[in-house]
Amino acid sequence: MTSTAGHTTSDADLDAVFAPLFERIAAGAVDREIDRRLPYEEVGWLREAKFGALRVPVEFGGYGARVRQLFRLLIDLAAAESNLPQALRVHFSFVEDQVLAAPGPDRERWLRSVAGGILVGNAITEPGVGAVDRYRTRLSGEPQRRLLNGVKYYSTGSLYADYILVAADRDGERVGVLVDADAAGVRQHDDWDGFGQRLTASGTTEFTDVVIPEERILGPGYGAAGATYSTGYLQLFHLAVLAGIAQRAETDAREWVSARTRGYTHSAADLPREDPLVQQVIGRLSAVAFSARATVLAVADLLDEVLDTGANDEKGLNAVELAAAQAQLSVIDTVLAATTQLFELGGASIVSERLRLDRHWRNARTVSVHNPAIQKARAIGDHLLNGAALPFAWSAGERASQEVAR
């Protein structure tokens, strides 16, 4: 594995490219939510600006951004449109794997392709029985003609992607397979029915006798044993989304209060913005947005250290995983509370469908159930009290005892 340290684009230069783009994306957020319009056009804007190439080294056409810079921008993108960082989560994990790979033509080809605008989605989680034991999505056949068959759910971002990273079973071995999104035998469905994060394109993907060239089998897939940077890294995307939601919720609440003239006969001031109780709520919302951002960036700093040395230091990997888990518990609680508290600022008018302020809580609540916090809290406690290994590799589904009982 190689070091990821190298030439880096400055924060100021990155902001000059992306801040106006994020403002443009934010301008249509409420309308997209109302119409449930998937942001294909907005993803196109991100492609054109090479957002997906933030971590690609400069010599291959990317920005060479640090992990901290990536997550700083992801928080700002989440404040503009919380669905987009989540949709790009596995894309950036794929890029990170290429950055860490040994030098060679395959590494350079994929990094240059990312700099050229390609995006990678995912098909990892399976419905029903799932992959607690092994993936039901199978790669079979001889090396000259491998066939992929199976059904995946929560295929976040894949409808926006050129390639889909699929977790599959090959004779009992977990492997990652990179599939063309438009390959024969691939069918994607926009059937995600969650009450939040409605535009992540997290629906079903079916694979029927999809031909897989040998070079598209990328080695151990998600859930392989051993410490890895990727679980903490992927979790941090959810936390960046939450930090962005907190940022936008504070902005929306403050703008709503600033323009409001209606109050109550028993209010402490004539105008809501001059009411000390209202000011207190805004102050708390601001504090949550600040602390959530700071928490995400603190974990990003640890990731920078680990990735700079090739992501093979077990002590560092454990430190990142623990920090990401602890951050999850902190950020979820504060952001969910804040996105509820903002409704204390007004009466019935604050719940207007036109405002869609409820989207902040719905989106935060939805993204927070990824990697359930109660399971993570227990794992942290067991680790700290008993030295138990942190759960780097885990899957959702029915356990073998339940499957046999059926």
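So, here's what we can say about the structure. (Residues numbered from 1 in each chain as written. Predicted model: local features only at pLDDT ≥ 70, side-chain atom pairs only at ≥ 80, totals over all residues. Heavy atoms only, no water.)

## Overview of the overall build of the chain
Right, on to step 1. Check the secondary structure of the chain and you find 13 helices and eight strands.
Right, on to step 2. A globule of 406 residues ought to have a C-alpha radius of gyration of about 22 Å, and the chain, at 22 Å, matches this closely.
Right, on to step 3. For the chain, the spread of C-alpha atoms along the principal axes amounts to about 80 × 55 × 45 Å.
Right, on to step 4. Put simply, the chain has 406 residues, and 53% of those count as buried.
Right, on to step 5. When the accessible surface of the chain is totalled, it reaches about 17,900 Å², and 52% of it is carbon and sulfur.
Right, on to step 6. Here the chain contributes 42 positive and 53 negative side-chain charges, whose respective centroids are spaced 2 Å apart. (Helix = DSSP H or I, 4+ residues; strand = E, 2+ residues; numbered from the N terminus. Rg over C-alpha atoms; globule rule 2.2 N^0.38 Å. Buried < 20%, exposed > 50% of the residue type's maximum accessible area, 1.4 Å probe, protein only. Areas by Shrake-Rupley, 256 points an atom, 1.4 Å probe, with all protein chains shown as cover. Lys, Arg positive; Asp, Glu negative; His and termini not counted. Charge placed at Lys NZ, Arg CZ, Asp CG, Glu CD.)

## As for the environment of Tyr-63
Right, on to step 1. Assignment of secondary structure puts Tyr-63 in the loop between helix H3 (40-48) and helix H4 (67-80).
Right, on to step 2. On the basis of relative accessibility, which here comes to 13%, the residue Tyr-63 falls in the buried class.
Right, on to step 3. The spacing of Tyr-63 and Asp-11 is 52 residues in sequence and 11 Å in space, taken between C-alpha atoms.
Right, on to step 4. Those residues within four positions of Tyr-63 in sequence are excluded, and the remaining contacts are His-7, Thr-8, Thr-9, Leu-14, Val-17, Phe-18, Ala-49, Lys-50, Ala-53, Leu-54, Val-56 and Val-58.
Right, on to step 5. There is a polar contact of 2.6 Å between the side chain of Tyr-63 and the backbone oxygen of Ala-49. (Contact = heavy atoms within 4.5 Å. Polar contact = N/O pair within 3.5 Å; in protein donor to acceptor, adjacent residues only side chain to side chain.)

## Examining the nonpolar core
Right, on to step 1. Core analysis: the biggest nonpolar cluster contains 78 residues, and Phe-18, Leu-46, Phe-51, Leu-54, Phe-71, Phe-92 and Leu-345 have the highest contact counts within it.
Right, on to step 2. Those residues in contact with Phe-92 that sit more than four places away from it in its chain are Phe-51, Gly-52, Leu-54, Leu-70, Leu-74, Tyr-233 and Phe-237.
Right, on to step 3. Counting 16 residues, the second-largest nonpolar core is a separate cluster that includes Val-90, Val-95, Ile-118 and Leu-165. (Core = buried A, V, L, I, M, F, W, Y, C linked by side-chain atoms within 4.5 Å.)

## Things to note about the side chain of Arg-356
Right, on to step 1. Summarising the element assignment, Arg-356 is placed in the loop between helix H10 (314-341) and helix H11 (358-368).
Right, on to step 2. Polar contacts involving the side chain of Arg-356 include one to the side chain of Glu-353, which spans 2.8 Å.
Right, on to step 3. Leave out the neighbours within four places in its chain, and Arg-356 touches Val-30, Glu-33, Ile-34, Arg-198 and Arg-362.

## Remarks on the pairing of strand E3 (residues 146-152)
Along any regular strand, the residues point their side chains to alternate faces of the sheet.
Right, on to step 1. For E3, a buried count of five out of seven residues is recorded, marking the element as mostly surrounded by other parts of the structure.
Right, on to step 2. Bridge count for strand E2 (residues 138-140) against E3 is three bridges, and the pairing is antiparallel. Its bridge partner lying in E3, Leu-139 is registered against Leu-148.
Right, on to step 3. Where E2 folds back on E3, the antiparallel hairpin that results is connected by five residues, among which Gly-141 adopts a positive phi of roughly 100 degrees.
Right, on to step 4. As paired elements, E3 and strand E7 (residues 205-212) share six bridges and run antiparallel to each other. Within E7, the residue paired with Val-151 across the bridge is Glu-206. (Pairing = 2+ DSSP bridges.)

## Description of the environment of Leu-239
Right, on to step 1. Tracing the backbone shows Leu-239 in helix H8 (residues 230-259).
Right, on to step 2. Overall, the relative accessible area of 0% leaves Leu-239 in the buried class.
Right, on to step 3. When the C-alpha positions of Leu-239 and Thr-228 are compared, they lie 18 Å apart, and in sequence the two are eleven residues distant.
Right, on to step 4. Among residues more than four places away in sequence, those in contact with Leu-239 are Val-296, Ala-324, Ala-327, Gln-328 and Val-331.

## Remarks on the side chain of Ser-230
Right, on to step 1. Along the chain, Ser-230 turns up in helix H8.
Right, on to step 2. Its relative accessible area of 15% is what places Ser-230 among the buried residues.
Right, on to step 3. Engagement of the side chain of Ser-230 in a polar contact is seen with the side chain of Thr-228, the distance being 3.0 Å.

## Description of the packing of aromatic side chains
Right, on to step 1. This structure, assessed with the given rule, holds 16 aromatic pairs.
Right, on to step 2. Arranged with centres 5.6 Å apart and planes meeting at 65 degrees, the rings of Phe-18 and Tyr-63 form a pair that is edge-to-face. With Phe-18 in helix H1 (residues 11-27) and Tyr-63 in the loop between H3 and H4, this pair connects stretches of sequence that are 45 residues apart. There is no split in this pair, since Phe-18 and Tyr-63 are both buried.
Right, on to step 3. Ring centres 5.5 Å apart and planes at 75 degrees place the aromatic pair Tyr-229 and Tyr-233 in the edge-to-face group.
Right, on to step 4. A relative accessible area of 6% means that Tyr-229 is categorised as buried.
Right, on to step 5. What makes Tyr-233 buried here is its relative accessible area of 0%. (Phe/Tyr/Trp six-rings, centres within 6.5 Å; stacked < 30°, edge-to-face > 60°.)

## With respect to unusual backbone geometry
Working note: non-glycine residues mostly have negative phi, and peptide bonds are mostly trans.
Right, on to step 1. Positive phi, close to 60 degrees, is recorded for Ala-201, a residue that is not glycine.
Right, on to step 2. One can find Ala-201 in the loop between strand E6 (186-188) and E7.
Right, on to step 3. By relative accessible area, Ala-201 is classed as buried at 2%.
Right, on to step 4. In this model, Asp-209 sits at a positive phi of 50 degrees, which is unusual for a non-glycine residue.
Right, on to step 5. Along the chain, Asp-209 falls in strand E7.
Right, on to step 6. Relative accessible area serves as the criterion here: at 45%, Asp-209 is assigned to the partly exposed category.

## Describing the packing of H8 against H11
Right, on to step 1. Relative to each other, H8 and H11 sit at 170 degrees, their axes nearing to 10 Å. When the axis of H8 is compared with that of H11, the two are roughly antiparallel. Residues His-238, Val-241, Leu-242, Ile-245, Arg-248, Ala-249 and Asp-252 of H8 lie in contact with H11, whose contacting residues are Arg-359, His-360, Asn-363, Ala-364, Val-367 and Ser-368.
Right, on to step 2. Tallied by class, the residues present in the contact of H8 with H11 amount to six nonpolar, four polar and three charged. (Axes fitted to C-alpha atoms, helices over the stretch in contact; angles between N-to-C directions. Parallel < 35°, antiparallel > 145°, perpendicular 65-115°, else oblique. Nonpolar A, V, L, I, M, F, W, Y, C, P; charged D, E, K, R; others polar.)

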